[in-house]
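Secondary and tertiary structure notes
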Amino acid sequence: MTQAQLEALLQRLTVRLAAALRAEPFDPRAGHQVGAELVAAHIASAEGLGRTVEVIQLRLVRDLGLLADDVEDRMARLLATVATGYARALRDRTLDEQESIRRAALVARAQAERALRDSESRFRHQATHDPLTELPNRTLFTERLSAAIARPGPGADRVGVCFLDLDRFKVVNDSLGHQVGDALLIAVAGRLRQALGEHLVARLGGDEFVILVERTSHTDDVVKVAEAALAAVGAPALVGGHELTVSASIGIVERPVAGTTPGELMRAADSTLHWAKAAGGARWSLFDPDRHRTELARYALAAAIPTAIDRGEFYLDYQPLTSLRDGTLLGVEALVRWRHPELGVLRPDAFIGLAEETGLIVRLGGWVLAEACREAESWSTGGGPAPFVSVNLAVRQVHRPGLVQEVSGLLGRTGLPPERLQLEITESTMMSTAEDPVRSLRVLADLGVRIAIDDFGTGYCNLAYLRDLPVTELKVAGEFVAGLRAPAVAPGSRTDERILASLVSLAHALDLTVTAEGVETAGQAERLRTIGCDAGQGWHFGRPAPAADILARIR
Ligand code: C2E
Ligand code: CA
Ligand code: CA
């Protein structure tokens, strides 16, 4: 407030108070208004009030002249009400200020909360949806599934899940590029959403989708959904200028909500999906608890392999490979066994397939190879040349880049001469288009290691192809030899014998020796010898047994 404004104000108030002093009847409440005006004029401190009242009093005295006692008394009362009015107005103003601050704070908070909610819901959307297809993602799906299981409403005591995976999606990605792959996923997502509107469809990642079917009353309810999904996916789609037809596989689980967990349900649906895939795809499979239990037990067994190696639960039996010409022991095949602490001694058929599937065969096979070389080094027949040891190699072991170093390292460490090691590989290993396995087998063959084709005749190998491979021996599968058990006059038996005979002569033309497997009788052995087969393996010559037993018997 400027000096002039202040002067004007004081003048106005003085006049007002003077009027009040003279008024009949006298009403001191006129002072309240004056006090309030002082506050409104921002004279808002105690000193400010004191000085102002003093000035007004002086002016009144000056203007009114000498005061009569009664006027003096009125003046005192009037000035008191000025103070009261001032105090009240000041208090009201403070309250108003506080109130408006409070209100502003409320408004600000509400705004902040709204902004937070907006960004939270944006953030939540991002966190619960797949950016590519805009479908709900695994998080949201798991939330909804968990809720369906944990808080089943009335009539919602069963729940179903379809676990869907496109067949051969990788081929689309690899041949047409990721952009086309992405576009296909978007198209599939849209169709699934449209076809299964009421059910939650989520993308778990890659080409994996899941469908939640709530409030089911029977497995058929979910089968219907799965069939609708397969139909939706299967219609041809125009994607990036390509007309693509894809199929999908679906694993279906439908069960009571009680006693299950989201994790269990998803795992069950996932393994059921793999049954559908294994059956050729483009279909749905239904969860089967017995099959699931068997698989779990198999996987538990596989998972126990590394620890079992460390604990020394594996050991090798050896089976003689005997010359058909003079009956000498040419070599022995190492056959792995597992002395399982609970299940007893397990034959390789119980765990080798599993170990191959899981890749654990590389470690297990490495152990077998090392153990066989270590044991074989000390063998002697007390006379003739010591037998070689024949070790089975799984496809994965042969395809490993480090195979040559592994084998030559073992030979160096154990002191086993290379020609006393034979590696048995299957036809399929050799037939692979990859160059590397052939190259590393050739390096090993050049070192002097023997290479045999195991189970010959059960795969797709052809003899002409063998000419260019570093192979020294064929082991003919037991099935061919089995035919020789029947009397030689039986027609089927003669056919088997002729096949074997031509196989042996072809092998010899290629400089390969032939060992017949599964020789169980003396008759078989004799007929094989007549055909020209070089060696035999089987119960007739000796069952698999610890090395010491076989070597002792030979000596
Ligand atoms: P395989 O290489 O064909 O081994 C011969 C199998 O035939 C052995 O079974 C042996 O016990 C059995 N056998 C031997 N003589 C006879 C006979 O006269 N009649 C009949 N019916 N069977 C006979 P085993 O020991 O159960 O081994 C099964 C398969 O497991 C092997 O077949 C081989 O493919 C695999 N395997 C064994 N040890 C290893 C290993 O260390 N590594 C790998 N990768 N596979 C192995
Ligand atoms: Ca073998
Ligand atoms: Ca074999």
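Above: the structure in question.
Now for a quick tour of the structure. (Residues numbered from 1 in each chain as written. Chains lettered and ligands numbered in written order. Predicted model: local features only at pLDDT ≥ 70, side-chain atom pairs only at ≥ 80, totals over all residues. Heavy atoms only, no water.)

1. Here we look at the coordination of the calcium ion (ligand 3)
Worth spelling out the cut-off: Donor atoms (N, O, S) are those found within 2.8 Å of the metal centre, with the cutoff raised to 3.2 Å for Na, K and Ca; water is not part of the atom list, so apparent gaps in a site can occur. Exposed residues in this analysis have more than 50% of their type's maximum accessible area, buried residues have under 20%, and partly exposed residues fall in between, with area computed by a 1.4 Å probe over protein chains only.
Distances from the calcium ion (ligand 3) to its protein donors, Asp 454 (OD), Asp 455 (OD), Glu 517 (OE) and Glu 517 (OE), fall at 2.1 to 2.7 Å. On the primary sequence, the residues serving as donors to the calcium ion (ligand 3) are separated as D-D-x61-E. Separating the calcium ion (ligand 3) and the calcium ion (ligand 2) is a distance of 3.7 Å, and Asp 454 donates to both of them. When its relative accessible area of 9% is taken as the criterion, Asp 454 is described as buried.

2. Digging into the site of ligand 1
Note the cut-off: Here a residue counts as near a molecule or strand whenever at least one of its heavy atoms sits within 4 Å of it. The definition of a polar contact used here is a pair of N or O atoms within 3.5 Å, where within protein one atom must be able to donate a hydrogen and the other to accept one, and adjacent residues in sequence count solely through side-chain atom pairs. Accessible surface is estimated by sampling points in the Shrake-Rupley manner with a 1.4 Å probe; for residues, cover comes only from the protein chains shown. Starting at the N terminus, helices and strands are each numbered in turn, a helix being any DSSP run of H or I of at least four residues and a strand any DSSP run of E of at least two. For this classification, the nonpolar set comprises Ala, Val, Leu, Ile, Met, Phe, Trp, Tyr, Cys and Pro, the charged set comprises Asp, Glu, Lys and Arg, and every other residue, Gly included, is treated as polar.
Neighbouring residues of ligand 1: 21 residues in total, closest Gln 319, Arg 337, Arg 347, Glu 520 and Trp 539. Asn 392 places a side-chain nitrogen or oxygen 3.3 Å from an oxygen atom of ligand 1. The contact in question runs from an oxygen atom of ligand 1 to an N or O atom on the backbone of Trp 539, over 2.8 Å. With the chains in place, 82% of the 790 Å² that ligand 1 exposes on its own is no longer accessible. Considering each element in turn, the shell around ligand 1 owes the most residues, four residues, to strand S9 (residues 329-340). Of the residues contributing to the shell around ligand 1, the split by class is nine nonpolar, four polar and eight charged.

3. A look at the pattern of salt bridges
As a working rule, side chains carrying opposite charge can pair if their charged atoms are close by. The condition that has to hold: Salt bridge, as used here, is a side-chain nitrogen of Lys or Arg placed within 4 Å of a carboxyl oxygen of Asp or Glu.
This structure, assessed with the given rule, holds 31 salt bridges. Here Asp 130 and Arg 203 are joined by a salt bridge, their closest N and O atoms 3.0 Å apart. Remark: Arg 203 occurs in strand S2 (residues 200-205) and Asp 130 occurs in the loop between helix H4 (69-128) and helix H5 (138-150); sequence separation between them is 73 residues. Accessibility classification places Asp 130 together with Arg 203 in one group, the buried group. Taken together, the shared-partner salt bridges connect Glu 333, Glu 424, Lys 475 and Glu 517 into one network.

4. Quick notes on the coordination of the calcium ion (ligand 2)
Of the protein atoms, only Glu 333 (OE), Asn 392 (OD1), Glu 424 (OE) and Asp 454 (OD) coordinate the calcium ion (ligand 2), at distances of 2.1 to 2.3 Å. Counting along the primary sequence, the residues that act as donors to the calcium ion (ligand 2) give the motif E-x58-N-x31-E-x29-D.

5. A closer look at the side chain of Thr 14
Quick note on the threshold: Only heavy atoms matter for contacts: two residues are in contact if any of them lie within 4.5 Å across the pair.
With respect to the helices, strands and loops of the structure, Thr 14 is situated in helix H1 (residues 3-22). Classification of Thr 14 by relative accessible area gives buried; the value is 1%. Within the structure, the side chain of Thr 14 is placed 2.5 Å from the backbone oxygen of Leu 10, a separation counted as a polar contact. Those residues in contact with Thr 14 that lie beyond four places of it in its chain are Ile 56, Arg 59, Leu 60 and Asp 63.

6. Things to note about the sheet that holds strand S6 (residues 248-256)
How we decide: Any two strands with at least two DSSP-identified bridges between them are counted as paired. Axes here refer to lines fitted to C-alpha atoms; in helices the fit is confined to the stretch in contact. Angles between the N-to-C directions go from 0 to 180 degrees.
Here five strands make up an open sheet; going across it, the order is S2-S3-S1-S6-S7 and the pairing mixed. Of all the strands in the sheet, just S2 and strand S7 (283-286) have a single pairing partner and so form its edges. When the angles between neighbouring strand axes are averaged without regard to direction, this sheet yields 20°. Of the pairings in the sheet, the one linking strand S1 (residues 158-166) to S6 comprises nine bridges and is antiparallel in character. Its bridge partner lying in S6, Leu 164 is registered against Ile 250. Across the sheet, H5 lies against S1, S2 and strand S3 (208-214), angled at about 25° from S3, the strand it touches most.

7. Re the packing of aromatic side chains
This is how it is decided: Under the pairing criterion, centres of Phe, Tyr and Trp rings, with the six-membered ring standing for Trp, must be within 6.5 Å; the plane angle then separates stacked pairs below 30 degrees from edge-to-face pairs above 60, leaving the rest tilted. Cation placement over rings: the criterion is NZ of Lys or CZ of Arg within 6 Å of the ring centroid and within 35° of the ring normal.
Overall, the coordinates contain six aromatic pairs when judged by the stated rule. With a centroid separation of 4.9 Å and 40° between ring planes, the pair formed by Phe 314 and Trp 338 is classed as tilted. Here Phe 314 is found in strand S8 (residues 314-323), whereas its partner Trp 338 is found in strand S9, with 24 residues between them in sequence. Under the relative-accessibility criterion, Phe 314 is labelled buried at 4%. When the centroid spacing of 6.4 Å and the interplanar angle of 50° are considered together, the rings of Phe 314 and Trp 367 count as tilted. Taken together, the residues Phe 314 in strand S8 and Trp 367 in helix H13 (residues 361-377) connect sequence positions 53 residues apart. Overall, the relative accessible area of 22% leaves Trp 367 in the partly exposed class. Across the ring face of Phe 287, the terminal group of Arg 255 is positioned such that the distance to the ring centre comes to 5.3 Å. Positioned above the aromatic ring of Trp 539 is the side chain of Arg 543, whose terminal nitrogen or guanidinium carbon lies 3.9 Å from the ring centre.

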